[in-house]
Amino acid sequence: MKKFKILPQADNSELTFKITDDILLLPFLLEALSDRGRNSVKSILSRGQVTINEMVSTQHDEELHKGDIVRIMKNQVAKRKERLIGLDIMYEDNQIIVVNKSAGLLSVATNKGREITAHGELMKYVRDKDKQNRIYVVHRLDRDTSGVMMFAKTKSIQTTLQNAWDEMVTERSYVALVHGKVKQEKGYVSSWLKENNAFHVYSTQQKNDGLYAMTLYNVIRKNRDFSLLNVELKTGRKNQIRVHMQDMGHPVVGDKKYGGRGNPIKRLGLHAQALEFMHPVKKEKMRFEAETPSIFYTKVPS
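Residues numbered from 1 in each chain as written. Predicted model: local features only at pLDDT ≥ 70, side-chain atom pairs only at ≥ 80, totals over all residues. Heavy atoms only, no water.

Peer 1: Please give an account of the packing of aromatic side chains that cites residues and values.
Peer 2: Using the criterion set out here, one finds six aromatic pairs in the structure. Here Phe17 and Phe28 contribute two aromatic rings whose centre-to-centre distance is 5.4 Å and whose plane-to-plane angle is 85°, an arrangement assigned as edge-to-face. With a gap of 11 residues between them, Phe17 in strand 2 (residues 14-19) and Phe28 in helix 1 (residues 25-32) connect regions that are remote in the sequence. Like Phe17, the residue Phe28 is buried in the burial classification. Here Tyr91 and Phe288 contribute two aromatic rings whose centre-to-centre distance is 5.5 Å and whose plane-to-plane angle is 40°, an arrangement assigned as tilted. In this pair, Tyr91 is assigned in strand 8 (residues 87-92) and Phe288 in strand 18 (residues 285-289), connecting sequence segments 197 residues apart. The residues Tyr91 and Phe288 share a single accessibility class, namely buried. In textbook terms, an aromatic cluster arises when at least three aromatic residues are bridged by ring pairs, as seen for Phe4, Phe17 and Phe28. (Phe/Tyr/Trp six-rings, centres within 6.5 Å; stacked < 30°, edge-to-face > 60°. Helix = DSSP H or I, 4+ residues; strand = E, 2+ residues; numbered from the N terminus. Buried < 20%, exposed > 50% of the residue type's maximum accessible area, 1.4 Å probe, protein only.)

Following this line, the structure appears as structure tokens:
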């Protein structure tokens, strides 16, 4: 008996399935794509054509559970120039490129292997036009955080943006789904952040002991079990929102590292919704906003 059902398609670019019983990802794909061989199915997975609840997955042994939504992008090679793996281009000119990154996609490469990254996908994209083109990292999002990212297209623009980031960026706002009912409708958390030898960031109130961080928040909606927050960074420190939400006693959903209790949405409940900045050459203020993933609202329906 099949452990999934096929959902109606909006167009011919994807196949969409709803899981009806627990199953591992690879066995599901082999059954759902029974007209393809095992190696072909593995290639589809490794190329990042599969998403689970809007999150890119390349892991053969990932667990699927009842209610999960799995999408398989079709004709990936033919569509490559039109649709990059795990990201969509929101804006591009000769100096910068702004994208909406999917959860599950690394921003840049690590030392652990040759995984698909936002930086790598954009490098391939610009080199399709000219082999001399390059992409330069300006800032990062955690692998499991989705949303707006900006990259530079020249080394000099990267340097300009990084050296004057706090002055040029006028808004960095996120949407966070957190555990528990946040009582205060709006407020802030401030502390000094430090990182230990295990790469775990922690918070201290001892003045100047670490990097100062401030996070503003206001409640969008809430219920007894979860709260959906708009969060604005006044400083941009590593894991800042995740640590500060833990400090509040309301850790981000899916964030096991910083106090999360279970993972009901099968991803980290953090989305970089908006980025506003002064263009490094045009000197014009620009603002980009990525729609909040719909799965965030399933835990706090209006």
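Peer 1: Give me the layout of surface pockets: which residues, what numbers.
Peer 2: Put simply, the largest pocket is a space of about 950 Å³. Along the wall of the largest pocket there are 25 residues; nearest its centre are Arg140, Leu141, Asp142, Lys238 and Asn239. Of all elements in the fold, only strand 12 (169-179) and helix 7 (240-248) reach the threshold of two or more residues within the lining of the largest pocket. Looking at which element gives the most residues to the lining of the largest pocket, the answer is helix 7, with three residues. (1 Å grid on protein atoms, 1.4 Å probe; cavity = no way out; pocket = protein on both sides within 12 Å on 5 of 7 lines; lining within 4 Å. Points joined across faces, edges and corners; volume = space filled by probe spheres on them.)

Peer 1: Break down empty space enclosed by the protein for me, citing the residues and quoting the values.
Peer 2: According to the stated counting rule, one finds one cavity of 30 Å³ or more in the structure shown. Volume-wise, the largest cavity comes out at about 40 Å³. Around the largest cavity sit His139, Val148, Arg172, Tyr174, Ala272, Ala274 and Leu275, which together line it. When contributions to the lining of the largest cavity are tallied by element, the ones reaching two or more residues are strand 12 and strand 17 (270-278). In terms of residue count, strand 17 provides more of the lining of the largest cavity than any other element does, three residues in total. When its residues are assigned to classes, the lining of the largest cavity shows five nonpolar, one polar and one charged. (Nonpolar A, V, L, I, M, F, W, Y, C, P; charged D, E, K, R; others polar.)

Peer 1: Report on unusual backbone geometry, specifying residues and quantitative values.
Peer 2: Positive phi outside glycine occurs at Lys266, with the angle close to 60°. Structurally, Lys266 can be placed in the loop between helix 7 and strand 17. The class of Lys266 is partly exposed, set by a relative accessible area of 29%. Phi angles above zero are rare outside glycine, and Lys283 is one such case at about 60°. Tracing the chain through its elements places Lys283 in the loop between strand 17 and strand 18. Under the relative-accessibility criterion, Lys283 is labelled exposed at 55%.

Peer 1: Can you tell me about the packing of helix 1 against helix 2 (residues 38-46), naming the residues and giving the values?
Peer 2: Two elements in contact, helix 1 and helix 2, have axes whose closest approach is 10 Å; the angle formed by their N-to-C orientations is 120°. In this view, helix 1 runs oblique relative to helix 2, as classed from their interaxial angle. Crossing hand, helix 1 versus helix 2: right-handed. For the pair formed by helix 1 and helix 2, the contact residues are Leu25, Leu26, Leu29 and Leu30 on the first element and Arg38, Val41, Lys42 and Leu45 on the second. Grouping the amino acids of the contact of helix 1 with helix 2 by side-chain chemistry returns six nonpolar, no polar and two charged. (Axes fitted to C-alpha atoms, helices over the stretch in contact; angles between N-to-C directions. Parallel < 35°, antiparallel > 145°, perpendicular 65-115°, else oblique. Left-handed = near helix turned anticlockwise from the far one by under 90°. Contact = heavy atoms within 4.5 Å.)

Peer 1: Outline the pairing of strand 7 (residues 69-73), supporting the account with residue identities and numerical values.
Peer 2: Sheet topology places strand 2 next to strand 7; five bridges connect them, and they run antiparallel. Bridge assignment links Lys18 to a residue of strand 7, and that residue is Ile69. Two strands pair when backbone bridges link them, and strand 4 (residues 50-52) and strand 7 are joined in this way by three bridges, in the antiparallel orientation. Among the inter-strand pairings, Ile52 is bridged to a residue of strand 7, identified as Val70. (Pairing = 2+ DSSP bridges.)

Peer 1: Summarise the pattern of salt bridges; cite the residues concerned and give the values.
Peer 2: Following the criterion strictly, the structure yields 16 salt bridges and no others. The salt bridge partner of Asp142 is Arg242, with a shortest N-O separation of 2.9 Å. Placement of Asp142 in the loop between strand 10 (136-137) and strand 11 (146-152) and of Arg242 in helix 7 is noted, with a sequence separation of 100 residues between them. On the accessibility criterion, Asp142 (28% relative accessible area) is partly exposed. (Salt bridge = Lys/Arg side-chain N within 4 Å of Asp/Glu carboxyl O.)

Peer 1: Can you break down the sheet that holds strand 2 residue by residue, with the values?
Peer 2: Sheet architecture is open: five strands sit in the order 1-2-7-4-5, paired in antiparallel fashion. This sheet does not close on itself; its edge strands, each paired only once, are strand 1 (4-6) and strand 5 (55-56). One ladder, built from three bridges, connects strand 1 with strand 2; its direction is antiparallel. Bridging from a neighbouring strand, Phe4 pairs with Ile19 of strand 2.

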